[in-house]
Amino acid sequence: MNDHEKGWHIVIVEDEPSLASIIQDYLTQAGMTSEILNEGRHAVERILAVDPDLVVLDVMLPGKDGLTICREVRAVSDVPIILETARVEELDRLLGLELGADDYVCKPFSPRELVARVKAILRRQERLLRQSQAEAQDDDTAAGYLRIDEERWAATYMGKDLSLTRREFQLLALLFKRPGRVFSRAQLVELAFPDDSDVFDRVIDTHVKNIRTKLRKISDEADIIRSVYGVGYSYEEPDLAS
Ligand code: CA
């Protein structure tokens, strides 16, 4: 456990008491404090008042549903949100709604996996904060491992050129700009290749495979594109510091 985790406070919005308390136990074991809201009615007000480091939010809630809560919080706050959904099939629909959630877990999920996701998001935030501070000080070495140069259409990893094709570059640049955000294949086609009408969902898998191969030539640790089962992909900077 490092010092940062001790200071993290999480709000859990979950109406199943047993699940809520299991999540709380795991967060406590990981050194974080948390509080449970067992219905949705006053969740937005409470979240904004507490200003936690992260929110774990169930979709199906009495009082006010999780999607509405997510939208209302997101309208005024950047607090990271992990949405719990009941079905994997629901994920695609949720992604299409552009709710602004940072990650998704499907019930039944392992509390250990949830805590790992929580830590990943919070560490990424701290890293981005450090990076922006370092960049403000013009300290090049503290910046990320992946660098995207949109003017030159060039991507480097740990200082080495990835030699991406145009489409591989467009795809990686899109993922890179929204770290941790999960994109469906259809969204990737639409957003990464807006001018190409001949790109189909399955082509995304091929491009991702090729990008991963090029990354692995530079580093075995370069697992920066996460596959989200049944949904699509997200960009995750490797946590090489831990
Ligand atoms: Ca529920």
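Residues numbered from 1 in each chain as written. Predicted model: local features only at pLDDT ≥ 70, side-chain atom pairs only at ≥ 80, totals over all residues. Heavy atoms only, no water.

**Q** Quick question: what am I supposed to make of the domain arrangement of the chain here?
**A** The accessible area lost on association of the parts is a frequent measure of interface size. Taken domain by domain, the chain comprises domain 1 (3-123) and domain 2 (142-235). Averaged C-alpha coordinates put domain 1 and domain 2 at centres separated by 27 Å. Listed by partner, the interface residues are 11 residues for domain 1 and 8 residues for domain 2. Summed over both sides, the interface between domain 1 and domain 2 buries roughly 760 Å², with carbon and sulfur atoms accounting for 46% of that surface. Sorting the residues of domain 1 by area buried against domain 2 places Asp92, Leu95 and Asp102 first, and these three jointly supply 44% of that buried surface. Between the two partners, domain 1 and domain 2, sit 1 salt bridge. Between Arg226 and Asp103 there is a salt bridge, and its shortest N-O distance comes to 3.2 Å. A total of 5 residues in the side of domain 1 that touches domain 2 trace back to one element, the largest contributor, which is helix 5 (residues 88-96). By residue class, the composition of the side of domain 1 that touches domain 2 is 4 nonpolar, 2 polar and 5 charged. (Domains from an automatic or database assignment. Contact = heavy atoms within 4.5 Å. Buried area = accessible area lost by both parts, 1.4 Å probe. Salt bridge = Lys/Arg side-chain N within 4 Å of Asp/Glu carboxyl O. Helix = DSSP H or I, 4+ residues; strand = E, 2+ residues; numbered from the N terminus. Nonpolar A, V, L, I, M, F, W, Y, C, P; charged D, E, K, R; others polar.)

**Q** Sorry if this is basic, but what is going on with unusual backbone geometry here?
**A** Most peptide bonds are trans, and most residues other than glycine sit at a negative phi. Of the consecutive residues Lys107 and Pro108, the connecting peptide bond is found in the cis state with omega at -5°. With respect to the helices and strands, the residue Pro108 is situated in the loop between strand 5 (103-106) and helix 6 (111-136). With a phi angle near 50°, Met158 is a residue other than glycine that sits in the positive phi range. Mapping Met158 onto the fold places it in the loop between strand 7 (154-157) and strand 8 (160-161).

**Q** Quick question: what am I supposed to make of helix 3 (residues 43-50) here?
**A** Three or four residues apart is the spacing at which side chains of an α-helix point the same way, because the helix has 3.6 residues per turn. Ala43, Val44 and Ile47 are the residues of helix 3 that are buried. Buried positions in helix 3, seen along its axis, are confined to an arc of 100° and lie on one side of it. Check the buried side of helix 3 and you find it contacts strand 1 (9-13), strand 2 (33-37), strand 3 (54-58) and helix 4 (66-74). Looking one or two residues beyond helix 3, the residue adopting positive phi is Asp51, at roughly 50°. (Buried < 20%, exposed > 50% of the residue type's maximum accessible area, 1.4 Å probe, protein only. Arc of directions from axis to C-beta.)

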